[in-house]
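A closer look at the structure
Residue-level listing of the chains:
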Amino acid sequence: MKTFYVTTPIYYANSLPHMGHLYTTVVGDFLKRYKRQRGYETYFLTGTDEHGTNIERASARAGRTPRAHVDYVVGELKKMFGAYALDSEHGGYDIFMRTTEPFHYEGASEFWRRAAARTTPKGRENIYKGFYEGWFCAPCATFKTEAEMIPAAEEGGPPLCPIHERPLDKVSEESYFFRLSDYDEVLLELYEARPDFVRPEARRNEVISLVRGGLEDVSISRLKSSVSWAIPVPDDPQHTVYIWFDALLNYITALGWGSAERRAQVGEDLFEKFWPGVHLLGKDILRQHAVLWPAMLLAAGVELPRAVVAHGLWLDQTGRKGSKTLGNALELPTLLRHFQVDAVRYFLLREMSFGQDCKVDYEVILERSNSDLASGFGNLVSRTLTMIHKYFDGVVPLPDINEGRRLLAKRAGVDSDAQELSTSLELMRDQFLLHVDDYAFHRALEAAWGMIARVDKFISDAKPWELARDEEQRETLGAVLYRSAETLRWLAVLLYPVMPESARAVWKQLGLEGDPQDFDPARLSWGGLRAGERVGEVAPLFPRIDKAKTMSEIEKEIAQRKEAEAQTSPPPSTTQEGAHATQAAVPGAPTAAGTQPAQPPQTGATEAGAPPEGVATYISIEDFVKVELRAGQVLTAERVPKSDKLLRFTVDVGEPEPRQILAGIAEHYEPEKLVGRKLVIVANLKPRKLRGFESQGMVLAASVGEEGRPVLATFTEDVPNGARLK
RNA sequence: GGCGGGGUAGCUCAGCUGGUCAGAGCGUGGGAUUCAUAACCCCAAGGUCGGGAGUUCAAGUCUCCCCCCCGCUACCA
């Protein structure tokens, strides 16, 4: 039997359920149900990533143990998943994976050992011990590179995380590294050989250019003394496994890879049966899944996933990412209170052009529910079944029109056979399947709704209520209603993965036996509805929502919540509501020079608050004196290897040692001609590494013309080296 | 700076390899109808297809230049 394994990311267990969780899980659930209908044996994984500093901190804040904390969050997530029919009980996920499972520890350890025992494609050891030092953001669970932080507010203070606007922690420790840098070529070959490995294509391009730019080794451990809530590094109890390395492995440990315990639970062959799988994820965690993860698997000699499929994010109406602090995120409890589960599921799959970002608010959902579901699908079910009750006492009429009555039917504008309708149904079905297989769920649903419109029109044109007044047209009337009802049968099957409960309700209202989940949409054929069978009772599937009333209720709730939050809780520490758990980036690795302590970020690192272009703004003299400009003299100048733009200078600025300064002017200046030249340099700029060399300052140059050609600033009179400019 | 994705009706977006491609849905206005959840059906916007130039018998659809938005990335220090 064909198998299909699909995963969502495992969500980081430090925050309560939100749209991002719901969305990816709905997509996974949809795919699982769909593939199951298509005859695959399926396995659907979702779950939580439960280790790391961030969990430790969140639990401490909440006054719980980490374990109690993650249990609590898991409980909330499961409740939400249950409410949306995503859990096992409702036919959804097969496992709610937790990285705190003992079998995961076992599998992850095995994986580490396996990787450590093997070499990289370039013949070096996969895992080596190094030393890591840097600024660490706990909520992000990641080290920040200099470009990724906000300068300290006060002198000497720690820089801030741009995402959380919290001070970063200085972390310096021995660490194991994964030699990711040796995998760039293999990965590029992979993307080349398997164009569908990363989807959609725009994301694939991104990943390729990222890898082309070269990869750095990644730190994959922390000292146990700094992060104890984690999996111990095998054979080195002083260290714990870094969260990303740990988390990604869940996709295979869940299937029993590397764990005798798990295999005993689920059977010896679960992994062989279902791996490789398809990974669904938000584009914010694409790198980890498209770069790190395959490299890890290669390192351990495990088969690569089938595909890494990235979707977009949900934005508010102004295009900002939904976030708790901004108050622009949709609240799941509110959603649940005012909208039907299947309406939300439908909305999520229909509204977002898969792969792209999408704007949402409650009103958009409400309108989709009313127009597509209440007026569209629901109404078609309702009008069809009502007429069958009314005109045929609730018994499915005959599909055919006898020879003798065909002219009559024709006169009423009804084709004597259903050929035309059944053909377009098949066409729609084929498109639906094609689009789903291409991850274009919104297109699939669009196609289905085109069919609904078609049948609505067919009914309006045939005017059953007029046919009903003419006893001669009884067969025509029956045929019209049969066609509509049979279309609904097809739709119930096709839409089952989207809206399981509603599809079943339609099935039941049509008086059908069995369950739409057991029908393969690819094998639907015209005429499955049996004439003479009784249809069920008619009940509105998607009651129309009173927009004015509901919207005002929702607004009231939002206002109340804001008030409550303002009173009870301190400002939330998490500002970003990432679509997924492990939202952080893999930490950067040590650079060639090794363990340079990170310097306080320099001014100007961000452009936030920059004045509008062309508008003069004043700075105070205090601002100016912060900039230490000095005269300097070029002692040596040379091109930086493998760099088009950079020159490396040593400059005498009147200090005991000359400074090394890099400047991006190689395209316009010959290094030899610069030796001995007097320059103006910024002496108190935060040092920064470029191409492996630390630049301890900045050379001033005019930027001329549109291309920004640099022209070095200099003096027309002699000045001593080190003279301050003010 | 580089790479990628976009800029098409009020809104959300379709429009592949150039010639009914100037469209759909929603919203709005009008009409018709009553089986249905005031639902369904019909008609209506005259939108410079971001701007400009070019190729062509013919260009949202190809080429070049420019502007704007978004994403990724960088040797912008």
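Residues numbered from 1 in each chain as written. Chains lettered and ligands numbered in written order. Predicted model: local features only at pLDDT ≥ 70, side-chain atom pairs only at ≥ 80, totals over all residues. Heavy atoms only, no water.

As a further point, take the overall build of chain A. When helices and strands are counted, chain A shows 22 helices and 25 strands. For chain A, with 726 residues in total, the buried portion stands at 52%. Relative to all contacts within chain A whose residues are 6 or more apart in sequence, the contacts with residues 24 or more apart total 75%. When the accessible area of chain A is evaluated, it comes to approximately 32,100 Å², of which 49% is carbon and sulfur surface. (Helix = DSSP H or I, 4+ residues; strand = E, 2+ residues; numbered from the N terminus. Buried < 20%, exposed > 50% of the residue type's maximum accessible area, 1.4 Å probe, protein only. Contact = heavy atoms within 4.5 Å. Areas by Shrake-Rupley, 256 points an atom, 1.4 Å probe, with all protein chains shown as cover.)

Here the focus is helix H20 (residues 500–509). Taken as a whole, H20 has its buried residues at Pro 500, Ser 502, Ala 503, Val 506, Trp 507 and Gln 509. Buried residues along H20 sit in contact with helix H1 (19–37), helix H13 (341–351), helix H14 (362–392) and helix H19 (474–495). Phi turns positive, to about 80°, at Gly 511, one or two residues after H20.

This next bit is on helix H2 (residues 53–61). Where H2 is concerned, the buried positions are Thr 53, Asn 54, Ile 55, Glu 56, Ala 58 and Ser 59. At the exit of H2 stands Gly 63, carrying a positive phi of roughly 70°.

Attention now goes to the sheet that holds strand S1 (residues 3–12). In space, the six strands of this open sheet follow the order S3-S2-S1-S12-S13-S7, with parallel pairing throughout. At either end of the open sheet lies a strand with only one pairing partner, and these are strand S3 (95–98) and strand S7 (198–199). The pairing of strand S12 (residues 278–282) with strand S13 (residues 307–311) spans five bridges and is parallel. Its bridge partner being in S13, Gly 282 is matched across the sheet by His 311. (Pairing = 2+ DSSP bridges.)

Time to look at the pattern of salt bridges. Under the counting rule described, the total for this entry stands at 44 salt bridges. Between Glu 76 and Lys 79 there is a salt bridge whose closest N-O contact spans 2.9 Å. Residue Glu 76 and its partner Lys 79 are both found in helix H3 (residues 66–83); the two are separated by three residues, about one turn of the helix. Overall, Glu 76 belongs to the partly exposed group, its relative accessible area being 23%. The network of salt bridges with common partners includes Arg 38, Asp 437, Asp 520 and Arg 523. (Salt bridge = Lys/Arg side-chain N within 4 Å of Asp/Glu carboxyl O.)

Time to look at the packing of helix H16 (residues 419–437) against helix H17 (residues 441–462). H17 packs onto H16 with a crossing angle of 165° between their chain directions and a minimal axis gap of 7 Å. The angle between the axes of H16 and H17 places the two elements in the roughly antiparallel class. For the element pair H16 and H17, the recorded crossing hand is left-handed. Note on element contacts: H17 touches H16 through Phe 441, Arg 443, Ala 444, Leu 445, Ala 447, Ala 448, Met 451, Arg 454 and Val 455, opposite Glu 420, Leu 421, Ser 424, Leu 425, Met 428, Gln 431, Phe 432, His 435 and Val 436. Within the contact of H16 with H17, the residues separate by chemical class into twelve nonpolar, three polar and three charged. (Axes fitted to C-alpha atoms, helices over the stretch in contact; angles between N-to-C directions. Parallel < 35°, antiparallel > 145°, perpendicular 65-115°, else oblique. Left-handed = near helix turned anticlockwise from the far one by under 90°. Nonpolar A, V, L, I, M, F, W, Y, C, P; charged D, E, K, R; others polar.)

This part covers the packing of aromatic side chains. Here the structure, examined in full by the defined rule, presents 30 aromatic pairs. Arranged with centres 6.3 Å apart and planes meeting at 75°, the rings of Trp 275 and Trp 293 form a pair that is edge-to-face. Taken as a pair, Trp 275 in the loop between helix H10 (270–274) and S12 and Trp 293 in helix H11 (residues 286–300) lie far apart in primary sequence, 18 residues in all. As far as burial versus exposure is concerned, Trp 275 and Trp 293 are alike and both buried. Taken together, Tyr 5, Tyr 43, Tyr 251, Phe 271, Phe 274, Trp 275 and Trp 293 form an aromatic cluster joined through their ring pairs. Above the plane of the ring of Tyr 40 lies Lys 2, whose end atom (NZ or CZ) is 4.5 Å from the centre. (Phe/Tyr/Trp six-rings, centres within 6.5 Å; stacked < 30°, edge-to-face > 60°. Lys NZ or Arg CZ within 6 Å of the ring centre and 35° of its normal.)

Soluble globular proteins tend to bury their nonpolar side chains together. By size, the foremost hydrophobic cluster in this structure holds 102 residues, and its most contacted members are Leu 22, Leu 31, Leu 335, Phe 377 and Trp 449. Ranked by the residues each element gives to this core, the list is headed by H19, at 13 residues. Discounting residues that sit within four places of it in the chain, Leu 22 has contacts with Met 80, Tyr 84, Leu 86, Leu 332, Leu 335, Val 344 and Leu 348. Among the nonpolar cores identified, the runner-up in size contains 68 residues, and Ile 10, Phe 197, Ile 243 and Ile 285 belong to it. (Core = buried A, V, L, I, M, F, W, Y, C linked by side-chain atoms within 4.5 Å.)

Checked against the element boundaries, Arg 659 lands in strand S18 (residues 659–663). From its side chain, Arg 659 meets the backbone oxygen of Gln 696 in a polar contact 2.8 Å long. Among residues more than four places away in sequence, those in contact with Arg 659 are Phe 649, Thr 650, Val 651, Val 653, Ala 683 and Gln 696. (Polar contact = N/O pair within 3.5 Å; in protein donor to acceptor, adjacent residues only side chain to side chain.)

So, about the sheet that holds strand S9 (residues 221–223). With respect to topology, three strands assemble into an open sheet ordered S9-S11-S10, the strand pairing being antiparallel. Each edge of the open sheet carries a strand with a single partner, namely S9 and strand S10 (232–233). As paired strands, S9 and strand S11 (residues 236–241) are joined by three bridges and run antiparallel to one another. Bridged to Arg 222 within S11 is Thr 240.

Okay, the side chain of Arg 648 next. Here Arg 648 lies in strand S17 (residues 647–652). Using a relative accessible area of 19% as the deciding quantity, one classes Arg 648 as buried. A polar contact of 2.7 Å, which involves the side chain of Arg 648, links it to the side chain of Glu 638. Not counting chain neighbours up to four residues away, the residues in contact with Arg 648 comprise Thr 636, Ala 637, Glu 638, Val 640, Gln 660, Ile 661, Leu 662 and Phe 693.

A separate point is the confidence of the model for chain A. Mean pLDDT over chain A: 83, with 84% of residues reaching 70 or higher. Here residues 570–618 is a poorly scored stretch, pLDDT under 50, and it has 106 contacts once near neighbours within four places are set aside; other chains count. Across the interface, the model reports ipTM at 0.90; the global pTM reads 0.80. (pLDDT = per-residue confidence, 0-100.)

Counting buried positions over the ten residues of S1 gives ten, a clear majority of the element. In this region the chain leaves S1, passes through H1 and returns to the parallel neighbour strand S2 (residues 41–49); the handedness of that crossover is right-handed. (Right-handed = clockwise from strand over helix to strand, strands pointing away.)

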